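Here are the chains, one letter per residue:
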4 protein chains.
Amino acid sequence: MSSSWGKSFHLSIYGESHGAGIGVVIDGVPAGLPLDLEQVAVFMRRRAPGQNRASTARKEADQPEILSGFHNGYTTGTPLGALIRNADTHSSDYSELAATARPGHADYTGFVRYGGFGDVRGGGHFSGRLTAPLCFAGAVAIQLLARSGILIGAHAARIAGIADTAFEPVALDPQTLLYPASQPFPTLDEQAGAQMLAAIESARMVQDSVGGVVECAVLGLPAGIGSPMFDGLENVIASLVFGIPAVKGIEFGAGFAAAELRGSQNNDPFCIKDGQICTTSNYAGGILGGISSGMPVLLRVAFKPTPSIAQPQQTVDFRQGCEKTLSIHGRHDPCVVVRAVPVVEAAVAIAVVDAILSQAPALLESQ
Amino acid sequence: MSSSWGKSFHLSIYGESHGAGIGVVIDGVPAGLPLDLEQVAVFMRRRAPGQNRASTARKEADQPEILSGFHNGYTTGTPLGALIRNADTHSSDYSELAATARPGHADYTGFVRYGGFGDVRGGGHFSGRLTAPLCFAGAVAIQLLARSGILIGAHAARIAGIADTAFEPVALDPQTLLYPASQPFPTLDEQAGAQMLAAIESARMVQDSVGGVVECAVLGLPAGIGSPMFDGLENVIASLVFGIPAVKGIEFGAGFAAAELRGSQNNDPFCIKDGQICTTSNYAGGILGGISSGMPVLLRVAFKPTPSIAQPQQTVDFRQGCEKTLSIHGRHDPCVVVRAVPVVEAAVAIAVVDAILSQAPALLESQ
Amino acid sequence: MSSSWGKSFHLSIYGESHGAGIGVVIDGVPAGLPLDLEQVAVFMRRRAPGQNRASTARKEADQPEILSGFHNGYTTGTPLGALIRNADTHSSDYSELAATARPGHADYTGFVRYGGFGDVRGGGHFSGRLTAPLCFAGAVAIQLLARSGILIGAHAARIAGIADTAFEPVALDPQTLLYPASQPFPTLDEQAGAQMLAAIESARMVQDSVGGVVECAVLGLPAGIGSPMFDGLENVIASLVFGIPAVKGIEFGAGFAAAELRGSQNNDPFCIKDGQICTTSNYAGGILGGISSGMPVLLRVAFKPTPSIAQPQQTVDFRQGCEKTLSIHGRHDPCVVVRAVPVVEAAVAIAVVDAILSQAPALLESQ
Amino acid sequence: MSSSWGKSFHLSIYGESHGAGIGVVIDGVPAGLPLDLEQVAVFMRRRAPGQNRASTARKEADQPEILSGFHNGYTTGTPLGALIRNADTHSSDYSELAATARPGHADYTGFVRYGGFGDVRGGGHFSGRLTAPLCFAGAVAIQLLARSGILIGAHAARIAGIADTAFEPVALDPQTLLYPASQPFPTLDEQAGAQMLAAIESARMVQDSVGGVVECAVLGLPAGIGSPMFDGLENVIASLVFGIPAVKGIEFGAGFAAAELRGSQNNDPFCIKDGQICTTSNYAGGILGGISSGMPVLLRVAFKPTPSIAQPQQTVDFRQGCEKTLSIHGRHDPCVVVRAVPVVEAAVAIAVVDAILSQAPALLESQ
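Residues numbered from 1 in each chain as written. Chains lettered and ligands numbered in written order. Predicted model: local features only at pLDDT ≥ 70, side-chain atom pairs only at ≥ 80, totals over all residues. Heavy atoms only, no water.

### Brief notes about the interface of chain B and chain A
To keep it simple, the criterion reads: In this analysis, two residues are considered to be in contact whenever any of their non-hydrogen atoms come within 4.5 Å of each other. Note on terms: buried area is the combined drop in 1.4 Å-probe accessible area of two parts once they are placed together, counting the loss on both. Salt bridges are defined as contacts in which a side-chain nitrogen from Lys or Arg sits within 4 Å of a carboxyl oxygen from Asp or Glu. As used in this structure description, the phrase polar contact means that two N or O atoms lie within 3.5 Å; if the pair is within protein, one of them must be able to donate a hydrogen and the other to accept it, and residues adjacent in sequence are counted only when both atoms belong to side chains. Only runs of H or I of at least four residues qualify as helices and only runs of E of at least two qualify as strands under DSSP, and these elements are numbered from the N terminus. In this classification, the charged set is Asp, Glu, Lys and Arg, the nonpolar set is Ala, Val, Leu, Ile, Met, Phe, Trp, Tyr, Cys and Pro, and all remaining amino acids, among them Gly, are polar. Between any two strands, pairing holds if DSSP finds at least two bridges.
In this assembly, 102 residues from chain B lie in contact with 102 residues from chain A. Buried surface at the junction of chain B and chain A, both sides included, amounts to about 7,700 Å², of which 63% is carbon and sulfur. Broken down residue by residue, the surface that chain B buries against chain A is led by B:Phe230, B:Lys248 and B:Phe270, which jointly contribute 11%. Inspection of the chain B/chain A interface yields four salt bridges. With a closest N to O distance of 2.8 Å, A:Glu234 and B:Lys248 form a salt bridge. The tally of links from chain B across to chain A stands at 43 residue pairs in polar contact (both at pLDDT 80 or more). Broken down by element, the residue count for the side of chain B that touches chain A peaks at six residues, all from strand E11 (residues 247–252) of chain B. Considered class by class, the residues forming the side of chain B that touches chain A number 51 nonpolar, 36 polar and 15 charged. Bridging between strand E11 (residues 247–252) of chain A and E11(B) involves three bridges; their strand directions are antiparallel. Bridging across to E11(B), A:Ile250 finds its partner in B:Ile250.

### Some remarks on the relation of the copies chain A and chain D
Just so we agree on the cut-off: Least squares is used to superpose the copies, and the fit set is the C-alpha atoms of residues whose pLDDT is at least 70 in both copies.
Note on the copies: chain A fits chain D at an RMSD of 0.0 Å, the axial shift is 0.0 Å, and the rotation between them is 180°. Taken together, the rotation angle and the small translation identify this as a two-fold axis. By C-alpha distance to the rotation axis, the residue of chain A lying nearest is A:Ser358, at 3.3 Å. A share of 100% of interface residues in chain A that are also interface residues in chain D marks the association as one of identical surfaces.

### Overview of unusual backbone geometry
Applicable threshold: Residue exposure (1.4 Å probe, protein chains only): buried if accessible area is under 20% of the type maximum, exposed if over 50%, otherwise partly exposed.
Backbone geometry at A:Ala160 places phi at a positive 50°, although glycine is not the residue there. Topologically, A:Ala160 is positioned in the loop between strand E8 (151–159) and strand E9 (162–163). Residue classification places A:Ala160 among the partly exposed residues on the basis of a relative accessible area of 28%. Residue C:Met229 is not a glycine yet carries a positive backbone phi of 60°. One can find C:Met229 in the loop between strand E10 (212–219) and helix H6 (233–241).

### With respect to the nonpolar core
Counted only if it meets this: Here, nonpolar core means buried Ala, Val, Leu, Ile, Met, Phe, Trp, Tyr and Cys residues that are tied together by side-chain atoms lying within 4.5 Å of each other.
Counting 168 residues, the largest nonpolar core has C:Phe9, C:Ile250, D:Phe9 and D:Ile250 as its most contacted members. In this structure, A:Leu80, A:Ala246, A:Ala349 and B:Ile356 belong to the second largest nonpolar core, which totals 166 residues.

### Structural notes on the packing of helix H1 (residues 37–47) of chain C against helix H3 (residues 131–147) of chain C
All names here are of chain C. For clarity, the cut-off: Note on geometry: axes are lines fitted to C-alpha atoms, helical ones only across the stretch in contact, with angles between N-to-C directions running from 0 to 180 degrees. Relative orientations are named as follows: roughly parallel for angles under 35 degrees, roughly antiparallel for angles over 145 degrees, roughly perpendicular for angles from 65 to 115 degrees, and oblique for any other angle. For any helix crossing, the convention is left-handed if the near helix is rotated counterclockwise from the far helix by under a right angle, and right-handed if that rotation is clockwise.
Across the interface, H1 lies against H3 with an axial gap of 9 Å and an inter-helix angle of 140°. On the basis of the axis angle, H1 is oblique to H3. Between H1 and H3 lies a crossing whose hand is right-handed. On H3, the residues touching Gln39, Val40, Phe43, Met44 and Arg47 of H1 are Thr131, Ala132, Cys135, Phe136, Ala139, Ile142 and Gln143. For the contact of H1 with H3, a count of residues per class yields eight nonpolar, three polar and one charged.

### Brief notes about the pairing of strand E3 (residues 21–27) of chain D
Residue and element names in this part refer to chain D. Most of E3 sits out of view: seven of its seven residues are buried. Alternating positions in E3 separate into two faces, Gly21, Gly23, Val25 and Asp27 on one and Ile22, Val24 and Ile26 on the other, with burial throughout. Taking the residues between adjacent antiparallel strands as the criterion, strand E2 (residues 10–15) and E3 are bridged by five residues. Sheet topology note: the E3/strand E7 (residues 80–85) ladder contains six bridges and is antiparallel. Opposite Val25, over in E7, you have Gly81 as the bridge partner.

### What to know about the sheet that holds strand E2 (residues 10–15) of chain B
All names here are of chain B. Ordered in space as E1-E2-E3-E7-E4, the five strands form an open sheet in which the pairing is antiparallel. Only two strands of the sheet have a single partner each, and these edge strands are strand E1 (4–5) and strand E4 (65–68). In this sheet, strand E7 (residues 80–85) lies alongside E4 in antiparallel orientation, the contact comprising three bridges. Counted as the bridge partner of Ser68 is Gly81 from E7.

### Thoughts on the interface of chain A and chain D
Facing the six residues of chain A at the interface are six residues of chain D. Both sides together, the interface formed by chain A and chain D hides about 450 Å², and carbon and sulfur atoms give 58% of it. At the junction of chain A with chain D, the criterion picks out zero salt bridges. The interface formed by chain A and chain D contains one residue pair in polar contact (both at pLDDT 80 or more).

### Remarks on the sheet that holds strand E7 (residues 80–85) of chain C
All names here are of chain C. Read from one edge of the open sheet, five strands run E1-E2-E3-E7-E4, paired in antiparallel fashion. The open sheet has two free edges, formed respectively by strand E1 (4–5) and strand E4 (65–68), since each of these has just one partner strand. In this structure, E1 lies alongside strand E2 (residues 10–15), joined through two bridges in antiparallel fashion. Residue pairing across strands places Trp5 opposite Leu11, the latter belonging to E2.

### Considerations on the packing of aromatic side chains
Definition in use: Two rings belonging to Phe, Tyr or Trp (six-membered ring only in the last case) form a pair when the distance between their centres is within 6.5 Å. Interplanar angles under 30 degrees mark stacking, angles over 60 mark edge-to-face geometry, and anything in between is tilted.
Applying the stated rule across the entire model yields 24 aromatic pairs over all chains. Judged by centre distance (5.0 Å) and plane angle (40°), the rings of B:Tyr74 and D:Phe117 are tilted. Taken together, the residues span two chains, with B:Tyr74 in strand E6 (residues 74–75) and D:Phe117 in the loop between helix H2 (107–113) and helix H3 (131–147). Its relative accessible area of 26% is what places D:Phe117 among the partly exposed residues. Of the aromatic side chains, those joined through ring pairs into one cluster are A:Tyr108, A:Phe111, A:Phe318 and B:Phe270.

### Describing the pairing of strand E3 (residues 21–27) of chain C
The pairing of E2(C) with E3(C) spans six bridges and is antiparallel. Paired with C:Ile13 across the bridge in E3(C) is C:Val24.

### Some words on helix H5 (residues 190–205) of chain A
Residue and element names in this part refer to chain A. Short version of the rule: Working rule for helices: expected span equals 1.5 Å times residues minus one.
The end-to-end C-alpha separation of H5 is 23 Å, in line with the 22 Å expected for 16 residues at 1.5 Å each. All buried positions along H5 are accounted for by Ala192, Gly193, Met196, Ala199, Ile200, Glu201 and Ala203. Those residues of H5 that are buried are in contact with E8, E9 and helix H8 (337–359). The backbone nitrogen of Gln191 has a side-chain oxygen 2.9 Å away, supplied by the residue at the start of H5, namely Asp189. After H5 finishes, the residue Gln207 shows a positive phi value of roughly 55°.

### What to know about the pattern of salt bridges
The tally for this structure, following the rule as stated, stands at 48 salt bridges over all chains. D:Arg45 serves as the salt-bridge partner of D:Glu38, at 3.7 Å between the closest nitrogen and oxygen. A relative accessible area of 49% means that D:Glu38 is categorised as partly exposed. Here the salt bridges share partners, and the residues they tie into one network are A:Arg47, A:Asp62 and A:Arg129.

### Some thoughts on the relation of the copies chain B and chain A
Expressed as a screw transformation, the operator carrying chain B onto chain A has a rotation angle of 180° and an axial translation of 0.0 Å, and the superposed copies differ by an RMSD of 0.0 Å. Both copies contact each other with a shared surface, as 100% of the interface residues of chain B are interface residues in chain A too.

### A short note on the confidence of the model for chain A
The cut-off we apply is this: Here pLDDT means the predictor's own confidence in every residue, given as a number from 0 to 100.
This prediction gives chain A a mean pLDDT of 94; 93% of its residues lie at or above 70. Interface confidence in the predicted complex, given as ipTM, is 0.96; pTM for the same model is 0.97.

### Observations concerning the environment of C:Ser182
Residue and element names in this part refer to chain C. Following the sequence through the fold, Ser182 ends up in the loop between helix H4 (174–178) and helix H5 (190–205). A relative accessible area of 52% means that Ser182 is categorised as exposed. For Ser182, the side chain forms a polar contact with the main-chain oxygen of Tyr179, separated by 2.6 Å. In this structure the side chain of Ser182 is engaged in a polar contact, spanning 3.2 Å, whose partner is the side chain of Gln183.

### Some details on helix H3 (residues 131–147) of chain B
Residues and elements named next belong to chain B. Over its 17 residues, H3 runs 24 Å from end to end, which matches the ideal 24 Å to within 8%, given 1.5 Å per residue. Of all the 17 residues making up H3, 14 are buried; the element is thus mostly covered by neighbouring parts of the structure. Once H3 finishes, Gly149 follows within two positions and takes phi at roughly 80°, a positive value.

### Overview of the side chain of C:Asn267
Relative to the assigned elements, C:Asn267 resides in the loop between helix H7 (263–266) and strand E12 (270–273). Owing to a relative accessible area of 4%, C:Asn267 belongs among the buried residues under this scheme. Among the polar contacts listed, one links the side chain of C:Asn267 to the backbone oxygen of D:Pro307, at a separation of 2.8 Å. Of the polar contacts made by the side chain of C:Asn267, one reaches the side chain of D:Gln313; its length is 2.8 Å. Setting aside its immediate chain neighbours within four residues, C:Asn267 contacts C:Ser281, D:Pro103, D:Gly104, D:Pro307, D:Ile309 and D:Gln313.

Next comes the structure, spelled out in structure tokens:
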């Protein structure tokens, strides 16, 4: 298996970059959600290519057709199926790649894994394009959560070494959380965004690419969601987030920085505020023992630079077993981070929904 | 659920820190593994408390009794059950904690999650002691992998800001990989280890604690293991590693550092060496598209500083709903990283075994 | 969840009877299967409606469009997606049913389960039409098995009290096994088939329906597939077969008849024939301790009579909470057993493939 | 895998008949259940050997030791572990069997499955003794269900061709449901029980054995529990019940008899009684479309006659590959049905709990 995920909000994603279409089946959507398709479309457009110079020139409407599980404006409770047809495919761009390992890509590992039978056009099932159905599922999850006042937001926290303002770990408010999603470039600090865009453009000009970090937060998640050991929120979120291509790391709360601190610094003192138990700092990122504490859930995801670059690169032809030089043509994002912002939101929303449905489904059935 | 994990090498871990015992059932161990119990004991001793001043004063023999699945020196193929009795428990140390949220601990979140019915003595099921059965399972996994020439090793890569020499990403050899496990303090660089021990001691003297990073590597894993999207090696390893208490981050290969690089730096050029396809660098950490490349698998895990510190801390009584000051007594490690080194090895070994058994079990049946 | 199944050959089925379409995603199809689409179509036609007077007048081409996982004539190893558009829907036939519980149907239970949000047109996701994507998956499984010489066949063993010749438990040969599939009415004994068809017609003339039993067998399955306790072949097959609408019972080998026998009758003596260990009788149905014995696997599945009958029936309006009389119009099979024969084959094939892929995938990779 | 089951009430069973012990870990028991250990013991004694002449002479106290998940009289919410030590083992009885296929047993199939490494003493992990931990889990499930007024009962419906009175499908009341459990021989009709006991004794006298059928019912399950397709109550119950050794068939409601009926007979008319929607008959066995209807859930399970009989039987030595004659010594039940009655109750209770916890856990949290 590869592309099925979830215990209670179960995804099955399919498709290849240049095949007939890509899609998802979600088994476990609660009945009676008045799914707002316009909001779904708005969310998916944030991920769609062709929005600005930071992304590939490929144009895809990415309009999902709902095949099942949605009737008279509400989810039915039975599997929700959605299909996105592929339109703008230039498969000839990939003819050389059937046997050439693009450095940083899964061509070679996929070749070994699938015995050479994989559809390599556009990366096939390994393509970042598969995050479109993930975003569809995420849009559904976000609407489910919103009904209970649980909100998800993310921003480009770092690109090419340029830092955006971080989410405030304790006092993060809904307006700030959702602000980056409303901007053409998803940062809190507009100037940082402009510098990131310039740095991406610089890289692109020299046929190179850059990486970055997405920070994501969840507001409104009540205390008590998650479990110790292997069903903790961190485990569940991480197991989904690493399904996004180019992700190479994830950290919660202070994360790797916590490793440098002393306990007296990193421990979040508990207090009572407005009758609620909370903490005065939030190095834990809202998760203790795998379980939500009621504080904002905070995580950061590291994306490597886009591996498809036009510079000549040293590689091998893995069918003939010889070394060669490769220059990748085709259309590629010089930085995936911008489009990855909603994808991280989607993954986190799905993970949180799955955790809640597995433990306390009534929480999401309230209207 | 909380403590069950795995598709093909399925763990079910049980127990509380101060209950009758802790243990694990492993369903899916291939038949015919000549399990070396002495090696298991050696491995588990690396995690056991009381080895040096960096760890708690609690003494536990941690001798697992095998209850099933092992007969005449070989695994039978049916579930392998192991039980470790708890011996040295000082439950009175915890009497105050039934209603006091230790900062950085799961007392409060566990209280909400389990409605106050949890066994809070010694952290109950949230205790780091539950990593003992995880290590038993890991010892089995390590022996399974070793039969096919797949080796796992780890070391304390950072503690209290002091860095050990890193594993060499391309040229890492078995001797270096396994060296830290043979040392009293698990580093490659003995001097770094001595400094770490001193730093831990410094923290302990002021009733504080420190965190750190464990680096782990897998050698000998053939190319082609893993899957795209949600069954990638990174997903599977992360979903297990976050089950280790105090873990707040994980990264593969260059990880968060990759986010700062350009594609031309981070892409690993492919080459052919001794007739084998490999890469000249290994920023990918041996994983592309979720699938092993044949290069060393490399990952780093961030541990927060031990939350149990003896300094007075501000917190709340969550039953009475009032603020209070807490001074934790009891026996605690001023740094969990040293004992966590074999735990990370165990988790990674289990994840790799599960991935192989789910895809190509014959690989582990060879003798 | 409802419509996801499988550990290693994972199905996710979606769709409603009168929605946009129905389909399936299969995650875990081994790469390199040269899927014969004509054979798939032949198999699915056996289930399609409108073949003879025993079935509904609804016409559906049931032509699956493969959306992913199939390239250049071979499966790619990544998820295989197939979609069947719904064409001939008469939804107005169902307008009354939104609140009327058809006796023997899931209208009322589905209403309670999904809070009244279900798509009830044509039975929605509960419709027998959802067996079409199951058959697509079964056709793939059958081709996978055939490559290794494992064959599946079934026949209408009983309809309306009329018995077909049973499969010979020990000496069943491939020709006999596959014979019913080649006939317009799927029996071994043509005369029994004619009588069954007459009995179905008789029931239909009085606006009634009949039930029956499908017998299914697997030939060529080597000894040693399956596991004790919950992963036995019987568990796995049963968990899938009860997903076929109208199934109310399943038995393996002598089944319920074994309950009437003595051990000396029911025990199958072992012998050696042509150097192979086998049994001289096969009351066990080829399964001992959940594991295949190498003998033919034999099972029988009980189908209730079609609940949709045109006679007036006493029932309730569950929205208004009052009793009423219902006369069902619309198009319905007076007996589902005939069309269910390939569906049972499909379910059994999928279960066997899942069991093999979970244990010894190399068995299905041979060509 | 073999012995792990469940999505939300997850079992992991381990042990062999003549090993150190047998046990179970249950992950997902809701916190706060005041588990009555005396009731657990009473329930398990019904399954224990040595109760009457119908069972093996082996004596086992079958006293489970709870290792975890239970504290101060309540379940904690974290995994509940229980261990039963094996005491009265006569392993020498089995020395011959390491290579001799007992007809009707899993010796040969287990040998092939586990490459000869299995622990064959007393049947090892295939032994009926493994139903003891299943019964422990069932006793917990029964207590969980009882808190919400859901009751489970079963009886020996047929043994050696002698029929007990059947449960009344519509009007079954709690007293009748639970009556057989209170009797030395678990029938509704005492005379039928006496005849069954005599028939068992007759078989035993000629070194033979008999089979039978257990009927089980669930009262008080509200309408709306379960799902269409693969998560239906029938699928979930069947997938667990076939884990009981010697089970060869299962049917719900009218089951195989429904296959002989017309729709006008088998359809249960809906009516309103005391303001509740119910049906005037219950051929469906309380399940429509996989979902509970609110009527009694009814099922019947077929057990084959005990395969271990003392008569000489023809078989093979599968290590040497030669035919031989076998006379089984040791202690065996001449009929497993009597002791299987609580085992079926246990399996059904577990399945129902898992279905409820997966869908509406709040239903079981009420006190």
